[in-house]
Protein chains: 4
Amino acid sequence: MVGNGFMGAAHSQAWRVAGRFFDLPRQPEMTVVVGRDADRAADAAAKWGWEESSADWREVIARDDIDLVDIVTPGFSHAEIAIAALEAGKHVLCEKPLANTVAEAERMAEAARRAAASGVYAMVGFTYRRVPAAALARDLIAAGRIGTVRQLSVSYLQDWLADENAPFTWRLDKEQAGSGALGDIGAHAIDLAQFITGRSLVSVSGTLETLVSERPVLVEAQGLSGTAGEEKQTVTVDDRALFTGRFDDGVLGAFEASRFSTGRKNALRFEVSGSLGALSFDLEDLNSLQLFDATADPLTQGFTKIIVTEPGHPYLDAWWPAGHALGYEHGFSHQVRDLVTAIAAGEQPTPSFDDGLQVQRALDAVERSSDAGSAWKEIS
Amino acid sequence: MVGNGFMGAAHSQAWRVAGRFFDLPRQPEMTVVVGRDADRAADAAAKWGWEESSADWREVIARDDIDLVDIVTPGFSHAEIAIAALEAGKHVLCEKPLANTVAEAERMAEAARRAAASGVYAMVGFTYRRVPAAALARDLIAAGRIGTVRQLSVSYLQDWLADENAPFTWRLDKEQAGSGALGDIGAHAIDLAQFITGRSLVSVSGTLETLVSERPVLVEAQGLSGTAGEEKQTVTVDDRALFTGRFDDGVLGAFEASRFSTGRKNALRFEVSGSLGALSFDLEDLNSLQLFDATADPLTQGFTKIIVTEPGHPYLDAWWPAGHALGYEHGFSHQVRDLVTAIAAGEQPTPSFDDGLQVQRALDAVERSSDAGSAWKEIS
Amino acid sequence: MVGNGFMGAAHSQAWRVAGRFFDLPRQPEMTVVVGRDADRAADAAAKWGWEESSADWREVIARDDIDLVDIVTPGFSHAEIAIAALEAGKHVLCEKPLANTVAEAERMAEAARRAAASGVYAMVGFTYRRVPAAALARDLIAAGRIGTVRQLSVSYLQDWLADENAPFTWRLDKEQAGSGALGDIGAHAIDLAQFITGRSLVSVSGTLETLVSERPVLVEAQGLSGTAGEEKQTVTVDDRALFTGRFDDGVLGAFEASRFSTGRKNALRFEVSGSLGALSFDLEDLNSLQLFDATADPLTQGFTKIIVTEPGHPYLDAWWPAGHALGYEHGFSHQVRDLVTAIAAGEQPTPSFDDGLQVQRALDAVERSSDAGSAWKEIS
Amino acid sequence: MVGNGFMGAAHSQAWRVAGRFFDLPRQPEMTVVVGRDADRAADAAAKWGWEESSADWREVIARDDIDLVDIVTPGFSHAEIAIAALEAGKHVLCEKPLANTVAEAERMAEAARRAAASGVYAMVGFTYRRVPAAALARDLIAAGRIGTVRQLSVSYLQDWLADENAPFTWRLDKEQAGSGALGDIGAHAIDLAQFITGRSLVSVSGTLETLVSERPVLVEAQGLSGTAGEEKQTVTVDDRALFTGRFDDGVLGAFEASRFSTGRKNALRFEVSGSLGALSFDLEDLNSLQLFDATADPLTQGFTKIIVTEPGHPYLDAWWPAGHALGYEHGFSHQVRDLVTAIAAGEQPTPSFDDGLQVQRALDAVERSSDAGSAWKEIS
């Protein structure tokens, strides 16, 4: 695993846990964790249970005892590491967004296609697909339970920037982060919308907005903590993204991504309306999915709150008895399960780097539309 | 109408409104409102739109142009007025609880049976039966939609006494009010439980509790407002009633009534669990009813929130388009509609005084059980 | 009152009821109801309690015993009637949207300004402003309780067209209705957003979409009921409107109006995020308002569900005890109260025809933007 | 660890995970798992990651390399294993309920007291105390945030027996399970009520009810699955328990435990009402806690839904960023953390076996009360 931030903890937990619940073809071995700072990498290895640590990812991907490289670094470094790993014959799991630019993502997707030809696979980590309620939504739509999809709304709302004195971080710097709310959380909204409907966005019209234009710089920063100094740094990314997207079947989706939604901590929501029903979801209540069935007895129609913890629900047979909730981290275990299972079967895991590239192009189209006064832009 | 407190406003609104939405056999005429204080009665007449006012109910019930007497006074006066009115050949609508004692209620029920023999009818005002969601619950249970009822829980939670400095009122005096939370709101819980299941309680085991034993007396009291003096008066009724009741089909119900449920303003709730499903309701969200259908596809089972504002729902055809909420007062209009329709058809309206008597006996049994260390007491 | 459709019932109820709860300077007298069809107008008079009926609105507005004309006809007739009434020296209450075109609305606003100069007032009926929870939201924002408003989202979702076989109605005909979801319910979303924030939209970018392009024509239509024939008629209005609007303080609002939101019956929703808190509302749960207070103890922050039925809440002192729900129709009584009070005080009631004109211009700008590939259009 | 049913999976996960998130004095080593069937124990070891397996718990507790014995077997075997382990100088974690009888629990508590004198500690596994929302409730009550506790209601509702054809299991046999809903889930309700209030139950009045008296026996049973044969077996435990309990400060609590609450999968709920506020919780939405603050501005009072995933919330600093949900299993990791930390500090972990004994006595008192016609019984 390359990277040792918060995502590293989530991925480590998944590698440790997945094989204890799912019947994997092989129990994962947590060999080595890589970080730029050797000491912090060593700490991460001890903390998260990796056998070794290293400060040199190139050296690690050259090792024979490594089968898979898991990339959890910031987006700007994804392309270099992922392409090198694939060329070294290692399977790759890469955190989202796939890259910071379409050009990088294209090179990565190309590398992935080449590798796949020789049975080496790459996957991008849109884990929210693997929240059981989201996977159930996809299944229900695919089974026609809400009829023809007519419209959808998807939003991802957080509030960690609502305090105008919240400090500057690399996530507010376009060079490092690529974009703001758009790429950080809007990317999840796009991927999830495409996943549950089985459709692809083809064009968008949108507006990006920066709500607080400069923020205090932390002295001795450690993550989000530290002491704010007097110096201010300019925010070069969006704080909120509003866009409308047209899918390949003509359906329009309304999208919103914001890190200024005061009081919303992690509200990835969708509502999909079809000719026979509707589905509604909110990640802040991740163990449930709301279904409206317009074909039911008119006197007792309504949104049904399905608690997605029953036997037969996606991924649930592996876990606890009915009614026992899963949490945020379980999606990562499901990701490991799906990835390892696909690799063992010699099949392309999804979402592929091509899927990640398509999301990257959608993000790029939103930026281009915003720059062009919300004119519609093709995703291609 | 005899009485001019808050209930008088609710009843007046119903008499004024019911005929504008429902096709009544005859438009009600609001002839005279009676109050002990002539000036306040005159004010009430002007405010609520009654043609006349009076300070003498005996005179009013002797009038030829009065067909129906609506009694909205405190419980201790119900028996005298209702019996006199029935004997004078007037139909009677009497607010709940029917009386303050079983003995009074028995005399009233007897008078009502005598009157009914000559086509004069009496009804007791358990209006929550006429909240559309409650009526729908009754219909669904009767239609077998939740199978055999196995258990239920019913509670009525308010918090207007949670402040220990809330002043003394007649509702805290056993002589005037009969009992406390038990008769005031527990009576509604009992009636509603019996109504929706179509079953009667036959025995109970319970505990009554007074949580604040004395309260300041208001100087120049006006309703609940006024200035609290230094004098204190002893609370002689219960603040909270907890009891278990057995229905005539053997089912057990758990009951709670409290005016100390901090933050709950008017939470009359029930949950009925059957062999094939369940129903759940909360008066604080009175336009909805939750239904669980255990016969549905296991993958999409859950509680369905039925918004009970659709065409075909009980009483709803008379009101607004789908999705347009009703309020507290509409139950009173439904009561007028049902009462006037039954009288015109020469049928006994429900709940009858016998029904009210049965609730009174249940309240009495709870008190006897509490006095006897929660021993089970028959309702008879 | 001119018009006798569903809105007529709601307005009649308000005229009948408002003076029974609020201290109006004068009890309204329900003199005459006007309808094109004399028989149906007579039926409406009897049903709703108007003294007389008429088939000629011109005759009625000429009468000396008429002080106020309440217009509840479809939008295309608003201008003619309202202007004539104002010129005849009658106060006017006109249902929303003010008109079907900006040109009509301009003429109406001009007539209203002229009339106001001589103490005759006009008001447009955006009643949702008078839902107590919405009025409370406005008060809390004005008092700074959520700090500086940073973003908002407003949607109005219904589903009565989700069935593709739902019949054609005048509301689907651009000539009669002006627009579809946009003017019918999007107008409410715009007015409410402006009302609660105290800000005006200045420009918009949007997309209108017709999801079902033709519908069966009813044979012997009566309201929405009747028998669908084989003939089809083309839908000439939008089914769904998505737009982004910029307010005069620079804030962006995301708007959606749809009559295809399967399962949503009457979901007018807003969420306003500020620097110190947030507010969230849904008309399907109209007695509550959600408030997030970012200045509270971090350990106990969260959205507080305020049940807006307490003494001190807007309009509530007139109604029932704490916790007793209001319904859809109460907003109309509040409208009567505010209108009659303002007229008696010689003050301009709000929203004025100028306010209605501004909403009309916003609707027009959305249509122009949609026609121009979502390019931003000024509202002016 | 002795036992290899579903609880074994939960405990294994906790032993594996706790040290990866919390700073434990020492990383737990998962040495050996014990099961009666050697093959199934070996499978469990492989599946859950234990180094070894064994079919003989006596042999295992004699080993020098074992410091702690974790008992996850059915209740009837707890006493024998726990006492032997403590006498062998091993710390003990024992699943709830502590035992099947008061006599067994007394012997266990005595053994635990003896062991504690020499620094060997025992703890009983009421893990729901360690759901962060429950721990926060305890903290808020202790800090006086809801004032003096006046009343509470606690229920634990499941529905896995609602189907009358659900097969017989050991949990329905009094010999093996001790009691039914009462001991299985009512025990959690009692412990949680005592934990959050810091008070102990002193007497109870209750009723136990068996709703389905016999059930089909599984042929070739495997857990809850298998083929139901024609043979029926008599259910010898309660399906539903209703009781009222008095705490040592005089407060009354209403309790319900049922496995017939159709549609409720795992609904452990409490509502505690105090003089200054109230708290409400439902395990089916385990990441949130509802707080009502009666001292707040009357205009904006209401239940606040605290999403208990913020920094500073109990146990949360160890996990994910704000708003990222925990699941059922996390309580077990918190239990390991608290247990290991207490042992390392030479302190008695809680809940102790004495605490478990007190719950056992409360369960016993409910049974005695039910047998005595709901007469109040002391817990002693």
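Just so it is clear, the structure is predicted and the values come from calculations on it, not from any experiment.

Concerning the overall build of chain A
And then number 1: Within chain A one finds 10 helices and 16 strands.
And then number 2: At 21 Å, chain A has a C-alpha radius of gyration in line with the 21 Å of a compact globule built from 380 residues.
And then number 3: Taking the principal axes of its C-alpha atoms as reference, chain A extends roughly 65 × 50 × 40 Å.
And then number 4: Looking at chain A as a whole, 65% of its 380 residues are labelled buried.
And then number 5: Considering only intrachain contacts with a sequence separation of at least 6, the fraction spanning at least 24 residues in chain A is 67%.

So, the interface of chain B and chain D
And then number 1: Residue-level contacts link 42 residues of chain B with 42 residues of chain D.
And then number 2: Overall, the association of chain B and chain D removes approximately 3,000 Å² of surface from exposure, summing both partners, and the carbon and sulfur fraction of that is 44%.
And then number 3: Together, Arg150(B), Gln151(B) and Thr262(B) form the three largest contributors to the area buried by chain B at its contact with chain D, with a combined 23%.
And then number 4: Counting across the interface, chain B meets chain D through six salt bridges.
And then number 5: The salt bridge partner of Arg246(B) is Glu209(D), with a shortest N-O separation of 3.2 Å.
And then number 6: Counting across the chain B and chain D interface gives 24 residue pairs in polar contact (both at pLDDT 80 or more).
And then number 7: Looking at the side of chain B that touches chain D, the elements with two or more residues in it are β6 (149–157), β7 (201–209), β10 (240–247), β11 (252–258), β12 (267–274) and β13 (277–282) of chain B.
And then number 8: Sorting elements by how many residues they give to the side of chain B that touches chain D places β11(B) first, with five residues.

Some thoughts on the packing of aromatic side chains
Residue and element names in this part refer to chain A.
And then number 1: Summed over the entire model, instances satisfying the criterion amount to 55 aromatic pairs over all chains.
And then number 2: On the basis of an interplanar angle of 65 degrees and a centroid distance of 6.0 Å, the ring pair of Tyr128 and Tyr156 is categorised as edge-to-face. Note that Tyr128 is positioned in the loop between β5 (122–125) and α6 (132–142) and Tyr156 in strand β6 (residues 149–157), a separation of 28 residues in sequence. As far as burial versus exposure is concerned, Tyr128 and Tyr156 are alike and both buried.

Details of the packing of helix α5 (residues 102–117) of chain D against helix α10 (residues 353–371) of chain D
Residues and elements named next belong to chain D.
And then number 1: Axis separation between α5 and α10 bottoms out at 9 Å; the angle between their running directions is 165 degrees. One element, α5, and the other, α10, form an angle in the roughly antiparallel class. Like other packed secondary-structure pairs, α5 and α10 cross with a definite hand, here left-handed. For the pair α5 and α10, contact is made by Val102, Ala105, Glu106, Met108, Ala109, Ala112 and Arg113 and by Phe353, Asp354, Leu357, Gln360, Arg361 and Asp364, respectively.
And then number 2: Residue classes in the contact of α5 with α10 are distributed as seven nonpolar, one polar and five charged.

Section: the relation of the copies chain C and chain A
And then number 1: Structural alignment of chain C on chain A gives an RMSD of 0.0 Å, achieved by rotating through 180 degrees and translating 0.0 Å along the axis. Interpreted geometrically, this transformation is the action of a two-fold axis.
And then number 2: Looking at the interface residues of chain C, 100% of them are also at the interface in chain A, so both copies use one shared face.

Comments concerning the packing of helix α1 (residues 6–21) of chain D against helix α9 (residues 330–344) of chain D
Residue and element names in this part refer to chain D.
And then number 1: At a minimum axis distance of 8 Å, the contact between α1 and α9 shows a crossing angle of 60 degrees. It follows from the interaxial angle that α1 and α9 lie oblique. Here α1 runs over α9; the crossing is right-handed. Along its contact with α1, which presents Met7, Ala10, His11, Ala14, Trp15, Val17 and Ala18, the element α9 presents Phe332, Ser333, Gln335, Val336, Leu339 and Val340.
And then number 2: Of the residues assigned to the contact of α1 with α9, the class counts are 10 nonpolar, three polar and no charged.

Conventions adopted
Residues numbered from 1 in each chain as written. Chains lettered and ligands numbered in written order. Predicted model: local features only at pLDDT ≥ 70, side-chain atom pairs only at ≥ 80, totals over all residues. Heavy atoms only, no water. Helix = DSSP H or I, 4+ residues; strand = E, 2+ residues; numbered from the N terminus. Rg over C-alpha atoms; globule rule 2.2 N^0.38 Å. Buried < 20%, exposed > 50% of the residue type's maximum accessible area, 1.4 Å probe, protein only. Contact = heavy atoms within 4.5 Å. Buried area = accessible area lost by both parts, 1.4 Å probe. Salt bridge = Lys/Arg side-chain N within 4 Å of Asp/Glu carboxyl O. Polar contact = N/O pair within 3.5 Å; in protein donor to acceptor, adjacent residues only side chain to side chain. Phe/Tyr/Trp six-rings, centres within 6.5 Å; stacked < 30°, edge-to-face > 60°. Axes fitted to C-alpha atoms, helices over the stretch in contact; angles between N-to-C directions. Parallel < 35°, antiparallel > 145°, perpendicular 65-115°, else oblique. Left-handed = near helix turned anticlockwise from the far one by under 90°. Nonpolar A, V, L, I, M, F, W, Y, C, P; charged D, E, K, R; others polar. Least-squares fit on C-alpha atoms with pLDDT ≥ 70 in both.

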